[in-house]
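As a plain string of letters, each chain reads:
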Amino acid sequence: MSHSLAYLRNYILAVDDNPDNLFLIKLALEQEGYRVHLVEDGLTALAQIQYAPPDLILLDVMMPGINGYEVTRRIRQNPNIPFIPILLITAYEEPSLVQGLDVGADEFIRKPVQIDELQARVRSLLRLKHSIDQRENFVSCLTHDLRTPLLAANRMLNLIQQGVFGDVNDQMDNAVVNIIKSNDNLLTMLNTLLEVHCYEEGQKILSFISFNWLELIDEIIAELEPLAEEKGLSLTLEVNTEIPEILGDRLEIRRVITNVISNAIKYTDEGSITVRLKQSSSGDQIIIEVEDTGIGIPPEQQDTIFERFRQGNHKRSGKGLGLYLCFQIIKAHRGTIKVQSEVDKGSIFTISLPVNNDNYE
């Protein structure tokens, strides 16, 4: 059986301002069984990718308007576009392969294009695409398969608590409560792991809408204030100016701020947590500071605290996913998240987000 039949369903986008080059590419790839869509400029290509992401992009470097490097850069910087292998097509006289690799291209092919080489490179990049897709499916299936029995177990445990299967004494009830709590912690970790995976693989789709910052922060503080009060901590909000609405994914930003404030409460035994909402002096950034009087973070851990699975040495440290996910979310919004801290004196987490976040291609 020809290898072309194995890739019958693959969809390839070819971009070149020369119709003759496009015809050659289409002819070479369709005889291999691929579906090929042709466009003649970079902006049309970007629109087509948003509408129907292909399995592979063949992209001419030298084009009028925006060139292949710029198209590649925009694809790689857009968090709403999943990973797509990019094969840049370049003329012999074009010197810089480094530039293409730096902006995110996966492979190059020289002009004049040799048919057998083109077909071989396409097969190679599609194998890469399929391998990544299979890994993504594996993680999704794994988390789903692990969550399902945990949810079923919790439903059964709730029925036990309600006395459906007989009387439950205090000792049994405490045991059931502890099991449910452990299951909930594991479910939270699985959900976070899946979210992290979606961001890493470019699968996370963000919904950018305009929202009111003050309303969002007020919601989060109202939700977390009881936790602070249980520990005798004050949780206050300071706003020093009128804050403009910005475009962003409200649910994801909420996740970040909730995580940072929750951590501040978790690692503070006495004193206060202060949340500050302000605009940068230049006016182009919204800044959220969360300052606590907690245990602080050692200097050697501050540089790695936003890395995946980087756990602190404190007994209350988590699994090293929460802050990494926060970093991924803020990065997807073209912002930054940083920390300043001193052991036994507290920490300040600073989140900065651009006011004008409406120029996503």
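Note that the coordinates shown come from a computational prediction; the quantities given were computed from them, not determined experimentally.

Q: Can you lay out the overall build of the protein chain for me, pointing to particular residues and giving the numbers?
A: Broken down by element type, the protein chain carries eleven helices and twelve strands. When burial is assessed residue by residue, the protein chain has 45% of its 361 residues classed as buried. If you sum the accessible surface of the protein chain, you get close to 19,000 Å²; carbon and sulfur atoms cover 52% of it.

Q: Go over the UniProt feature "modified residue: 4-aspartylphosphate" (unreviewed entry) in the protein chain, please, and point to the residues and values.
A: UniProt marks Asp60 with the feature "modified residue: 4-aspartylphosphate" (unreviewed entry), using the numbering shown here. By secondary structure assignment, the location of aspartate 60 is in strand 3 (residues 56-60). Excluding anything up to four places from it in sequence, aspartate 60 contacts Val15, Asp16, Asp17, Gly68, Ile89 and Lys111.

Q: Lay out the sheet that holds strand 4 (residues 86-90) with the relevant residues and their values.
A: Pairing is parallel across the open sheet formed by five strands, whose spatial order is 2-1-3-4-5. The sheet is open, and its two borders are formed by strand 2 (35-39) and strand 5 (107-110), each paired with just one other strand. Direction aside, the axes of adjacent strands within the sheet are offset by 20 degrees on average. Sheet topology places strand 4 next to strand 5; four bridges connect them, and they run parallel.

Q: Tell me what's going on with the sheet that holds strand 9 (residues 272-279), and back it up with residues and numbers.
A: Spatially, five strands are ordered 7-9-10-12-11 in an open sheet, and the strand pairing comes out mixed. On the outer flanks of this sheet lie strand 7 (234-239) and strand 11 (336-342), each paired with one strand and no other. Going from strand to strand, the sheet's axes swing by 15 degrees on average, the running direction of each strand aside. Pairing of strand 7 with strand 9, which is carried by six bridges, proceeds in the parallel orientation. Across the sheet, residue serine 234 finds its bridge partner in strand 9, namely serine 272. Sheet contacts for helix 8 (residues 213-230): strand 7, strand 9, strand 10 (285-292) and strand 12 (346-354); angle to strand 7, the most-contacted strand, approximately 165 degrees.

Q: Mind laying out the environment of valine 290, listing which residues take part and the relevant values?
A: Assignment of secondary structure puts valine 290 in strand 10. Owing to a relative accessible area of 2%, valine 290 belongs among the buried residues under this scheme. In the structure, valine 290 is positioned 27 residues away from asparagine 263 in sequence and 9.9 Å away in space, judged by C-alpha atoms.

Q: Residues and numbers for the confidence of the model for the protein chain, please.
A: In the predicted model, the protein chain carries a mean pLDDT of 84, and the fraction of residues at 70 or more is 87%. Taken together, the stretch residues 1-8 has pLDDT below 50 and engages in 13 contacts with residues farther than four places along the chain or on a different chain.

Q: Let's hear about the nonpolar core: which residues, and what values?
A: Trp213, Ile257, Ile261 and Ile351 are the most contacted members of the largest nonpolar core, which has 45 residues in total. Mapped onto this core, the elements with two or more residues apiece are helix 7 (170-200), helix 8, helix 9 (250-266), strand 9, strand 10, helix 11 (322-332), strand 11 and strand 12. Filtering out sequence-adjacent residues up to four positions away, isoleucine 261 remains in contact with Ile220, Leu224, Leu235, Val275 and Val290. Grouped together as the second largest cluster of nonpolar side chains are 20 residues, Val39, Leu59, Ile66 and Val71 included.

Q: Let's hear about the pairing of strand 4: which residues, and what values?
A: By the criterion of burial, strand 4 is predominantly enclosed, with five of the five residues buried. Bridge count between strand 3 and strand 4: four bridges; the pairing is parallel. Across the sheet, the residue bridging to aspartate 60 is isoleucine 89, located in strand 4. In this region the chain leaves strand 3, passes through helix 4 (residues 68-77) and returns to the parallel neighbour strand 4; the handedness of that crossover is right-handed.

Q: Tell me about the pairing of strand 2, and please be specific about residues and values.
A: Pairing analysis gives five bridges linking strand 1 (residues 11-15) to strand 2, with the strands arranged parallel. If you follow tyrosine 11 over to strand 2, its bridge partner there is arginine 35. In this view, the connection linking strand 1 to its parallel neighbour strand 2 by way of helix 2 (residues 19-30) has right-handed handedness.

Q: Which residues make up a nonpolar patch on the surface, and what values do they have?
A: Among the surface-exposed residues, Met156, Leu159, Val164 and Phe165 lie close enough to one another that they form a single nonpolar patch of about 380 Å² accessible area. Assessed through its relative accessible area of 33%, leucine 159 is described here as partly exposed.

Q: I'd like to hear about the side chain of lysine 129, residue by residue, with values.
A: Within the secondary structure, lysine 129 is located in helix 6 (residues 115-161). A distance of 2.7 Å separates a polar atom in the side chain of lysine 129 from the backbone oxygen of phenylalanine 83. Non-local contacts of lysine 129, meaning those with residues more than four positions away in its chain, are made with Asp55, Phe83 and Pro85.

Q: Quick rundown of the packing of aromatic side chains? Include the residues and the values.
A: Counted under the stated rule, the structure contains three aromatic pairs. Every member of this aromatic cluster is reached through a ring pair, and the members are Phe306, Phe327 and Phe349.

Q: Residues and numbers for the packing of helix 8 against helix 9, please.
A: Between helix 8 and helix 9, the shortest axis-to-axis distance is 10 Å and the interhelical angle comes to 35 degrees. For the pair helix 8 and helix 9, the crossing hand works out as right-handed. Touching Trp213, Glu215, Leu216, Ile217, Glu219, Ile220, Glu223, Leu224, Leu227 and Ala228 of helix 8 are Arg250, Ile253, Arg254, Ile257, Thr258, Ile261, Ser262 and Ile265, all from helix 9. Of the residues belonging to the contact of helix 8 with helix 9, the class tally is eleven nonpolar, two polar and five charged.

Basis of the calculations
- Residues numbered from 1 in each chain as written.
- Predicted model: local features only at pLDDT ≥ 70, side-chain atom pairs only at ≥ 80, totals over all residues.
- Heavy atoms only, no water.
- Helix = DSSP H or I, 4+ residues; strand = E, 2+ residues; numbered from the N terminus.
- Buried < 20%, exposed > 50% of the residue type's maximum accessible area, 1.4 Å probe, protein only.
- Areas by Shrake-Rupley, 256 points an atom, 1.4 Å probe, with all protein chains shown as cover.
- UniProt positions renumbered as here; feature names shortened; annotations may be inferred.
- Contact = heavy atoms within 4.5 Å.
- Pairing = 2+ DSSP bridges.
- Axes fitted to C-alpha atoms, helices over the stretch in contact; angles between N-to-C directions.
- pLDDT = per-residue confidence, 0-100.
- Core = buried A, V, L, I, M, F, W, Y, C linked by side-chain atoms within 4.5 Å.
- Right-handed = clockwise from strand over helix to strand, strands pointing away.
- Patch = residues over 30% accessible without salt bridge, like charges linked within 9 Å, V, L, I, M, F, W, Y side chains within 5 Å.
- Salt bridge = Lys/Arg side-chain N within 4 Å of Asp/Glu carboxyl O.
- Polar contact = N/O pair within 3.5 Å; in protein donor to acceptor, adjacent residues only side chain to side chain.
- Phe/Tyr/Trp six-rings, centres within 6.5 Å; stacked < 30°, edge-to-face > 60°.
- Left-handed = near helix turned anticlockwise from the far one by under 90°.
- Nonpolar A, V, L, I, M, F, W, Y, C, P; charged D, E, K, R; others polar.

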